[in-house]
Amino acid sequence: MTKDRRELARRPDTAAIPTAWEYAPAPESREVVRLQDRYGLFIGGQFVEPLSNERYTTIDPAHEEPLAEVAQAGKADVDRAVKAARAAYAESWSRIRPSERAKYLFRIARILQERSREFAVLESMNGGKPIRESRDVDLPLAAAHFFYYAGWADKLEYAFPNRRPRPLGVAGQIIPWNFPLLMLAWKIAPALAAGNTVVLKPAETTPLTALLFCDVVRQAELPPGVVNIITGDGHTGAELVSHPDVNKIAFTGSTEVGKAIQRTLAGTGKRLTLELGGKAANIIFDDAPLDQAVEGIVNGIYFNQGHVCCAGSRLLVEESIYETVISKLKRRMQTLRIGDPLDKNTDVGAINSKQQLEKIGSLVQSGVDEGAEIYQPPCKLPERGYWFAPTVFTNVAQSYRIAQEEIFGPVLSVLTFRTPDEAIEKANNTPYGLSAGVWTEKGSRILAMAQRLRAGVVWANTYNRFDPASPFGGYKESGFGREGGRHGLESYVALDDA
Ligand code: NAI
Ligand code: MG
């Protein structure tokens, strides 16, 4: 070892990382995506002009540049889409053999794989997420969901032993903007596998991958009307929810809208699943492998700019290792690369919308005002577009808004604990209950914690890991119903006695 390298090795953990090695830009090409200037609504197997005659422009949040014009579907458009789905349900989809339905789903999965680069680039352009994530997480998982549920399509009687599963009919599905294509897959794959037809509404800021998916539906030669995609904002969503001929609503989004939907549906007999917000605790015990845990903390809150319902937004650290964890975390945050979502080296991309950026800004300001200590690594944010630097708050009291409310941005609030009981009490002290993380060497402690955490998903020594075979969903204000796995089918079937 040379003298210089010895000196480098002796540098304390907290020292700033030398920035001698700059990354050269490595942008993914936009050429693989061919956008139309304007899109209609995908109803009955073809694009039609909106009867509402209303349109809006969808943008690239990293550059604030327009990408395309899309339709704002009105009441008559929603009705037209539901009618198309009803006709397809009655005339084709509920009648064809389940093994044939499976073939269509396998076909969709394979086409998504084949066209994954195109989809990944478009997802990053319209949503602001780093290409590394859309390419390595969103797309492979979306295809995996179709593969997984394709496998169930002709085996439903094994999913529900001694019961006779029957499709529900037409499912209305409303999804958010944080994982546009992946949420589409979570919704459409189980619904079709179980024999339902769908009308899906993507979020207003991220309609483009859902519109590109219409191309996949046609390529797979799905019978017309089995999948209908209508774009528009919350008004369109509300029309879909209240349409009398929809049998089931599946919603992912804010707790506020979820509650409103539940009120609308009360007493109608329509089935409902809600996947809402979260404020997950990521709990680090003193025997945890700390470097691995720090990676898990970063992945837990800075993945997808923190626009993740199950984000590990409350870090609970055992008091004895607090200083070490925080200094390692800050050092790691200095290496995060923020910027162009299409650059393959980017770790943190753009905030999805101006509205979301303002919400993050005001919650962060409340943290400062209430007395928490803020840290952001030195980084240069692009001038145009919506950006927020990775942020960590220490000296946080449980009563602060940043410890209670879902921020849905790259903002972490740190709390400490002394005993497992105290960790459980703090972790469960939230109206939400979607997910949690536990980091410890002890297997027995993992199991004991998982038993007592009121959260639908508990990750042990990892975070934000998804698999189509594993059910996902919440407790309390995080919603009800499960997506993924055999459980995910249950929301799309009626069960008769065999
Ligand atoms: P939102 O709940 O308003 O939007 C989600 C979806 O619901 C979109 O497709 C939207 O068009 C639709 N929608 C809105 N109002 C509706 C209504 N009355 N009836 C039917 N559909 C309706 O969420 P928003 O405003 O985009 O974000 C606000 C906050 O919600 C975020 O800051 C975040 O905290 C949380 N959120 C949580 C998500 C999750 O995955 N759990 C996803 C998106 C947002
Ligand atoms: Mg909203």
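Residues numbered from 1 in each chain as written. Chains lettered and ligands numbered in written order. Predicted model: local features only at pLDDT ≥ 70, side-chain atom pairs only at ≥ 80, totals over all residues.

### Here we look at the overall build of the protein
Regarding its fold elements, the protein presents 17 helices and 19 strands. Here the C-alpha radius of gyration of the protein, 23 Å, is about what a compact globule of 498 residues would show, namely 23 Å. Taken over the C-alpha atoms alone, the protein extends approximately 75 × 50 × 45 Å along its principal axes. A buried classification covers 51% of the 498 residues belonging to the protein. Look at the contacts in the protein between residues 6 or more apart in sequence, and 73% of them connect residues 24 or more apart. (Helix = DSSP H or I, 4+ residues; strand = E, 2+ residues; numbered from the N terminus. Rg over C-alpha atoms; globule rule 2.2 N^0.38 Å. Buried ≥ 20, exposed ≤ 12 C-beta atoms within 10 Å, placed from the backbone. Contact = placed C-beta atoms within 7 Å.)

### Describing the site of ligand 1
The local shell around ligand 1 holds 25 residues, among which Gly234, Gly237, Gly253, Ser254 and Cys309 are the closest. Looking at the shell around ligand 1, the elements that each hand over two or more residues are helix H9 (234–242), helix H10 (255–265) and helix H13 (354–370). For the shell around ligand 1, the element with the highest residue contribution is H9, accounting for 4 residues. Shared between two domains, the shell around ligand 1 holds at least three residues of each, these being domain 1 (30–276 + 478–497) and domain 2 (281–467). (Near = placed C-beta within 6 Å. Domains from an automatic or database assignment.)

### Description of the packing of helix H3 (residues 98–114) against helix H5 (residues 131–152)
Relative orientation of the contacting elements H3 and H5 amounts to 165°, with a least axis distance of 8 Å. On the basis of the axis angle, H3 is roughly antiparallel to H5. Once H3 is placed against H5, the crossing between them reads as left-handed. In this structure, H3 contributes Ala102, Leu105, Phe106, Ile108, Ala109, Leu112 and Gln113 to the contact, and H5 contributes Leu139, Ala142, Ala143, Phe146, Phe147, Tyr149 and Ala150. A breakdown of the residues in the contact of H3 with H5 according to their chemical character gives 13 nonpolar, 1 polar and no charged. (Axes fitted to C-alpha atoms, helices over the stretch in contact; angles between N-to-C directions. Parallel < 35°, antiparallel > 145°, perpendicular 65-115°, else oblique. Left-handed = near helix turned anticlockwise from the far one by under 90°. Nonpolar A, V, L, I, M, F, W, Y, C, P; charged D, E, K, R; others polar.)

### A look at the sheet that holds strand E12 (residues 314–318)
Strand pairing within a sheet occurs via backbone hydrogen bonds; the two strands may be parallel or antiparallel. Taken together, the 7 strands give an open sheet; going across it, the order is E13-E14-E15-E12-E11-E16-E17, and neighbouring strands pair in mixed fashion. Each end of this open sheet is capped by a strand with a single partner; those strands are strand E13 (373–375) and strand E17 (457–460). Neighbour-to-neighbour, the strand axes of this sheet turn through a mean angle of 20°, independent of strand direction. Bridge analysis of strand E16 (residues 435–439) against E17 gives 4 bridges, and the strand direction is parallel. Note that in E17 the partner of Ser435 across the bridge is Val457. Seen against the sheet, helix H12 (residues 322–333) touches strand E11 (281–284), E12, E13, strand E14 (391–394) and strand E15 (411–417) and runs at an angle of roughly 160° to E14. (Pairing = 2+ DSSP bridges.)

### Some remarks on the pairing of E12
The buried fraction of E12 amounts to 5 of the 5 residues, a majority that puts the element mostly inside the structure. The side-chain alternation of E12 yields two buried faces, one formed by Arg314, Leu316 and Glu318 and the other by Leu315 and Val317. With 4 bridges joining them, E11 and E12 adopt parallel strand pairing. Its bridge partner lying in E12, Ile283 is registered against Leu316. Handedness of the β-α-β unit built from E11, helix H11 (residues 290–302) and E12 comes out right-handed. (Right-handed = clockwise from strand over helix to strand, strands pointing away.)

### Some words on unusual backbone geometry
A positive phi angle is found at Glu221, which is not glycine, with a value near 60°. Within the secondary structure, Glu221 is located in the loop between helix H8 (208–219) and strand E8 (227–229). Classification of Glu221 as exposed rests on a count of 10 C-beta atoms within 10 Å. We note that Asn395 has phi near 55°; this positive angle belongs to a residue other than glycine.

### Here's the deal with the nonpolar core
Of all hydrophobic cores here, the largest spans 88 residues; its most connected members are Leu105, Phe146 and Ala193. With 11 residues, helix H7 (residues 180–193) is the single largest residue contributor to this core. The residues contacting Phe146, other than those within four sequence positions of it, are Leu105, Ile108, Ala109, Leu112, Ala185 and Ala189. (Core = buried A, V, L, I, M, F, W, Y, C linked by C-beta atoms within 7 Å.)

### Here's the deal with the confidence of the model for the protein
Predicted confidence across the protein gives a mean pLDDT of 95, with 96% of residues reaching 70 or more. Within the model, the stretch residues 1–15 combines pLDDT values under 50 with 6 contacts to residues more than four positions away or in other chains. (pLDDT = per-residue confidence, 0-100.)

### Side note on the pairing of strand E6 (residues 170–174)
Counting buried positions over the 5 residues of E6 gives 5, a clear majority of the element. In E6, alternate side chains face the same way, and those of Val170, Gly172 and Ile174 on one face and Ala171 and Gln173 on the other are all buried. Both E6 and strand E9 (residues 248–252) contribute to a ladder of 4 bridges, which runs parallel. Across the sheet, the residue bridging to Ala171 is Lys248, located in E9.

### A word on the domain arrangement of the protein
With domains assigned, the protein is organised as domain 1 (30–276 + 478–497) and domain 2 (281–467). Each of domain 1 and domain 2 has a C-alpha centre, and these two points are 30 Å apart. At the junction of the two partners, domain 1 supplies 20 residues and domain 2 supplies 25 residues. Counting residues per element, the ones that place at least two in the side of domain 1 that touches domain 2 are helix H4 (116–127) and H5. When residues in the side of domain 1 that touches domain 2 are grouped by element, the largest group, 4 residues, is from H5. Among the residues forming the side of domain 1 that touches domain 2, the class breakdown is 7 nonpolar, 7 polar and 6 charged.

### Considering the environment of Asn429
With respect to the helices and strands, the residue Asn429 is situated in the loop between helix H15 (420–428) and E16. As a C-alpha pair, Asn429 and Ala403 span 26 residues in sequence and 9.9 Å in three-dimensional space.

### Details of H7
Note on helix geometry: an α-helix contains 3.6 residues per turn, so any two residues three or four positions apart are oriented the same way. The end-to-end C-alpha separation of H7 is 20 Å, in line with the 20 Å expected for 14 residues at 1.5 Å each. In terms of burial, H7 is a largely internal element, 14 of the 14 residues being buried. One or two residues past the end of H7 sits Gly195, with phi positive at roughly 100°. (Expected span 1.5 Å × (residues − 1).)

### So, the packing of H5 against H7
In contact at an axis separation of 9 Å, H5 and H7 are set at 5° when each is read in the N-to-C sense. Compared by their axis directions, H5 and H7 come out roughly parallel. Across the interface between the two elements, Asp138, Leu141, Ala142, His145, Phe146, Tyr149, Ala150 and Trp152 from H5 touch Leu181, Leu182, Ala185, Trp186, Ala189, Pro190 and Ala193 from H7. Residues that form the contact of H5 with H7 fall into these classes: 13 nonpolar, 1 polar and 1 charged.

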